[in-house]
Amino acid sequence: MKYSIAQLLDIPKLQVILDSLYEVSGIPSAIIDLEGKILTGSGWQDICTRFHRVNPTTEKFCIESDRKITSGLQDQQRHVQITCPLGLTDTATPLVIEGEHLANIFTGQLFLHPPDRHRFRLQAARYGFGEASYLLAMDRVPVISQEKLDQNLSFIANLTELLAIQGLTQLRSLEVQECLRESEERVQQIIASAQEGIIVYDRGLRFQVWNRYMEEMSGYSADQVIGKQPHEVFPMLAQAGVVERLRRVLAGNGAESGEVELQLPDSGRSIWHSDTLAPLQNAGGEIVGVIATVRDITERKYTEEQLRQALKMESVGRLAGGVAHDFNNMLTVIMGQAQLAQMKIAPGHPLWQPLEQIATAAQRSSQITRQLLAFSRKEIIDPRPVYLNQLIAEAQKTLLRLIEESVTLVCHPGPDLWAVKMDPSQVDQVLVNLAVNARDAMPDGGVLSIHTENVHLSQKSCQYLRDAVPGDYVQLVVSDTGVGMGEEVLEHIFEPFYTTKGLGKGTGLGLATVYGIVRQNGGFINVYSEIGHGTSFKIYLPRSSSAAAAEAQRRCTDVRIGTGTVLLVEDNDMVRMVTRSYLEELGYCVIVADTPRDGINICTDRDNKIDLVLTDVIMPGMSGNEMVREIKSLFPEVKVLFMSGYTADLVARSGVVEEGMHFIQKPFDISTLSVKIEDTFLSDD
């Protein structure tokens, strides 16, 4: 049994009972457990302890008596009575609880008849005991008749039955207490290890339980919270309506659930949590408190926000894809006809300036379309290893024209800067958009600084940077000393069409474009700003595995006159007309086809020697790529230049943006077309 006799019986009370029994009967008694520990003793005699158990010879008699008693008790006798060779009588009654022998009640030592003094004198002499002290000890041993002893043993037997009942009752009580304790420990372990917060409030809405999950989520230990009311520790709970919800549940209005954003008072960290508040009832059904289960959903909210942003981007992408083709075709016609008309008149002609404005407006409109495509990551790009320091140096003149004279441009190029893989034109877009944003933030002038450096981000440092993953990056920092932005503006700064500028002063696509370009190239961007203290955009672009320097970007500002025959395949009449005019102005002989099948038939005509096929990508019936494959099978030496106003994903599905193929994005002007044609003729494919 896991419990000792001392745990099951009231030993002090037993001592009182046996003391009373000794006073009435004069019979000594003791309770001794199986390990020999004396629990009670009344009328104890010392003739054995002082004499018999000290002498080696007489001790053997004592040991033999102990053996007989033990043997008799093991045979489950109700009583065991023996008289030792030295003339003393002992009895033992087993004390059994729940079928387990735990202790014995001993009666004795005693004499059943008046002792023979002569015998004891002989024993004293034989075993070396002091006669006087030995006889004195003998005289203290009570003389009890067998009848009186039997009556005493009957009382002891009844007492053991009562003790067995009391012990069993106490045993059950201890077992229940242990079960309750184990159950409570299990509950505490479950509460402590639960992967959600568990809070228990009492009737006064004081914290009674605050588990480990809550400690980790809030940064507050149970010792800091238990016994206090919500407003004493987390005053924002009242502002968020949580306290009012707790009161409703306590009043019997049923369980409630909600999602709450809280800013922790000490750290200032914002967290989102979902909770369920339910009434805590006693056995009688009375509401005695509230139990709350809480889950940290900050990461989920962050993911949802990312999803919303992604859906916005996808919506803009679909919008861009839907309008880009037709819009770019129209811009090609507008830009082309304005340029062609300008080529027919002198710069001083009254129509020169209106035509220049038409061409400029068309060019700016094409940039808006391009920004939409860049934000939605559908722009066709040509990423290659580039050095930001080189591209920033080339872009400085452009940036100086964009900013006001009162704004000072300062560049701090980092030494030994790593290469990044990126389309050079996209670097220009990022710099221009950030420069314009900085200029507008400094109406009274200030400093625009551009800084680059190599950085390595560890796993730990990425915890504090949104969208960051560990690795090597080139950091581009664009900072201004302007008016700065508040938290509300910062939350929406990269959203498409979001702008703080006045009507007609901003499209809301500039920073959205920057964000789209950076993410498209595997990087991430963080912004730091305070009202009155300026803004700093920190862009992290992954280090390129190739260290090859980017070639200086070729600026399409000159018209290159060429020779040869160009087959123009375009299904849009107006685009076909203006593109044909471009080609003829550039000196080419032009054959036109409005369908891919017509283009194939023209090529197979022996009278037509085609040097270059300039074709739209997506056309009714057959794609430009399918047409080119058929033409190439017959005339492998023919050069091909694709053009399209569609978005990158549609063009990519047509197989055009494969390596080695040449492509020009609509809308384009005559100089860009001339350079692209020249590049195509000079290529080795």
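Residues numbered from 1 in each chain as written. Predicted model: local features only at pLDDT ≥ 70, side-chain atom pairs only at ≥ 80, totals over all residues. Heavy atoms only, no water.

(A) Highlighting the overall build of the protein. For the protein, the helix and strand inventory stands at 24 helices and 22 strands. When the 685 residues of the protein are sorted by exposure, 46% land in the buried category. Contacts in the protein between residues at least 24 apart in sequence constitute 66% of all its contacts with a sequence separation of at least 6. (Helix = DSSP H or I, 4+ residues; strand = E, 2+ residues; numbered from the N terminus. Buried < 20%, exposed > 50% of the residue type's maximum accessible area, 1.4 Å probe, protein only. Contact = heavy atoms within 4.5 Å.)

(B) A look at the sheet that holds strand E8 (residues 256-263). On the basis of which strands lie adjacent, the open sheet formed by five strands has the order E7-E6-E10-E9-E8 and antiparallel pairing. Since the sheet does not close on itself, it has two edges, and those belong to strand E7 (207-210) and E8, each with one partner. Pairs of neighbouring strands in the sheet enclose a mean axial angle of 25 degrees, with direction left out of account. For E8 and strand E9 (residues 270-281), the ladder comprises eight bridges, and the chain directions are antiparallel. Across the sheet, the residue bridging to Gly258 is Asp275, located in E9. (Pairing = 2+ DSSP bridges. Axes fitted to C-alpha atoms, helices over the stretch in contact; angles between N-to-C directions.)

(C) Region of the structure containing the nonpolar core. Ranked by size, the top nonpolar core spans 37 residues in total, and within it Leu388, Leu448, Leu476, Phe537 and Ile539 carry the most contacts. Here the element with the most residues in this core is helix H16 (residues 424-441); it accounts for six residues. If we ignore the near neighbours within four places in the chain, the residues touching Leu476 are Leu388, Ile392, Val430, Leu431, Ile450, His451, Thr452, Phe537, Lys538 and Ile539. Of all hydrophobic cores here, the second largest spans 27 residues; its members include Ala222, Val233, Phe234 and Val290. (Core = buried A, V, L, I, M, F, W, Y, C linked by side-chain atoms within 4.5 Å.)

(D) Structural view of the packing of helix H21 (residues 596-604) against helix H22 (residues 624-634). It is the contact of H21 with H22, at a shortest axis distance of 10 Å, that shows an interaxial angle of 10 degrees. Taken together, the axis directions place H21 and H22 in an arrangement best described as roughly parallel. Contacts from Pro596, Arg597, Gly599, Ile600, Cys603 and Thr604 in H21 reach Met627, Glu630, Ile631 and Leu634 in H22. (Parallel < 35°, antiparallel > 145°, perpendicular 65-115°, else oblique.)

(E) Examining helix H24 (residues 670-682) more closely. Spanning 13 residues, H24 covers 18 Å between terminal C-alpha atoms, matching the ideal 18 Å at 1.5 Å per step. Among all positions of H24, only Ile670, Ser671, Leu673, Ser674, Val675, Ile677 and Thr680 are buried. (Expected span 1.5 Å × (residues − 1).)

(F) Representation of empty space enclosed by the protein in the model. Counting across every chain of the model gives two cavities of 30 Å³ or more. As a volume, the largest cavity reaches approximately 180 Å³. Lining the largest cavity are 19 residues, with Ile199, Met214, Leu237, Leu262 and His273 sitting closest to its centre. Counting residues per element, the ones that place at least two in the lining of the largest cavity are strand E6 (197-202), E7, helix H8 (212-218), helix H11 (236-239), E9 and strand E10 (287-296). (1 Å grid on protein atoms, 1.4 Å probe; cavity = no way out; pocket = protein on both sides within 12 Å on 5 of 7 lines; lining within 4 Å. Points joined across faces, edges and corners; volume = space filled by probe spheres on them.)

(G) View of the packing of aromatic side chains. Applying the stated criterion across every chain yields a total of 19 aromatic pairs. With centroids separated by 6.2 Å and ring planes inclined at 90 degrees, the aromatic side chains of Tyr473 and Tyr540 adopt a geometry described as edge-to-face. Residue Tyr473 is found in strand E15 (residues 471-480), and its partner Tyr540 is found in strand E17 (residues 535-542); the two are separated by 67 residues along the sequence. Here Tyr473 falls in the buried class, since its relative accessible area comes to 3%. Using a relative accessible area of 5% as the deciding quantity, one classes Tyr540 as buried. For the ring pair Tyr582 and Phe668, a centre distance of 6.4 Å and an interplane angle of 45 degrees mean the geometry is tilted. Placement of Tyr582 in helix H20 (residues 573-585) and of Phe668 in the loop between strand E22 (663-665) and H24 is noted, with a sequence separation of 86 residues between them. (Phe/Tyr/Trp six-rings, centres within 6.5 Å; stacked < 30°, edge-to-face > 60°.)

(H) Spotlight on a nonpolar patch on the surface. Taken together, Met330, Ile334, Ile358 and Met574 make up a surface patch of nonpolar side chains, about 320 Å² in accessible area. Considering the arrangement of structural elements, one finds Met574 in helix H20. Using a relative accessible area of 42% as the deciding quantity, one classes Met574 as partly exposed. (Patch = residues over 30% accessible without salt bridge, like charges linked within 9 Å, V, L, I, M, F, W, Y side chains within 5 Å. Areas by Shrake-Rupley, 256 points an atom, 1.4 Å probe, with all protein chains shown as cover. Salt bridge = Lys/Arg side-chain N within 4 Å of Asp/Glu carboxyl O.)

(I) Structural view of a negative patch on the surface. On the surface, a cluster of negative charge is made up of Glu261, Glu487, Glu488 and Glu491. Take the negative patch: its biggest share by element is three residues, from helix H18 (residues 487-492). By secondary structure assignment, the location of Glu491 is in helix H18. The class for Glu491 is exposed, based on a relative accessible area of 57%. (Lys, Arg positive; Asp, Glu negative; His and termini not counted. Charge placed at Lys NZ, Arg CZ, Asp CG, Glu CD.)

(J) Structural detail: unusual backbone geometry. Omega for the bond connecting Gly108 with Gln109 falls within 30 degrees of zero, at 0 degrees, which places this linkage in the cis form. Among the secondary structure elements, Gln109 is positioned in strand E5 (residues 100-110). Between Lys666 and the following residue, Pro667, the backbone shows a cis peptide bond with an omega angle of -5 degrees. For Glu98, which is not a glycine, the phi torsion comes out positive at approximately 55 degrees. If you check the backbone angles, Asp416 has positive phi at about 50 degrees while not being a glycine. Assignment of secondary structure puts Asp416 in the loop between strand E12 (407-412) and strand E13 (420-422). The class for Asp416 is exposed, based on a relative accessible area of 71%.

(K) Inspection of the sheet that holds strand E4 (residues 89-97) at higher detail. In spatial order, the strands read E2-E1-E5-E4-E3; together these five strands make up an open sheet with antiparallel pairing. With partners counted over all chains shown, the strands left at the sheet margins are strand E2 (38-42) and strand E3 (80-83), one partner each. For this sheet, the mean angle separating the axes of adjacent strands, direction not counted, is 20 degrees. In the sheet, E3 pairs with E4 via four bridges, with the strands oriented antiparallel. Within the sheet, the bridge partner assigned to Thr83 lies in E4 and is Thr89. Packed onto the sheet, helix H2 (residues 11-25) meets strand E1 (29-33) and E2 and runs at close to 25 degrees relative to E2. Contacts from helix H7 (residues 146-193) reach E3, E4 and E5, with the element oriented near 20 degrees to E4.

(L) Broad picture of the pattern of salt bridges. For the structure on display, the rule yields 28 salt bridges. The partner of Arg67 in a salt bridge is Glu64, with the nearest N and O atoms 2.6 Å apart. With a gap of three residues between them, Arg67 and Glu64 both fall in helix H4 (residues 56-74), about one helical turn apart. Arg67 gets classed as partly exposed once you look at its relative accessible area, which sits at 46%.

(M) Layout of the pairing of E10. Here six bridges tie E6 to E10, and the two strands are oriented antiparallel to one another. Within E10, the residue paired with Val200 across the bridge is Ile291. Between the antiparallel neighbours E9 and E10 lie five residues, among them Gly285 with a positive phi of about 85 degrees.

(N) Spatial organisation of the pairing of strand E18 (residues 565-569). The element E18 is extensively covered by neighbouring structure, given that five of its five residues are classed as buried. With five bridges joining them, E18 and strand E19 (residues 589-593) adopt parallel strand pairing. Along E19, the bridge assignment pairs Leu567 with Ile591. As a crossover connection, the stretch from E18 through H20 into E19 is right-handed. Where E18 and strand E20 (residues 612-616) come together, four bridges link them in parallel fashion. In the sheet register, Val566 faces E20, and the bridge partner there is Leu612. (Right-handed = clockwise from strand over helix to strand, strands pointing away.)

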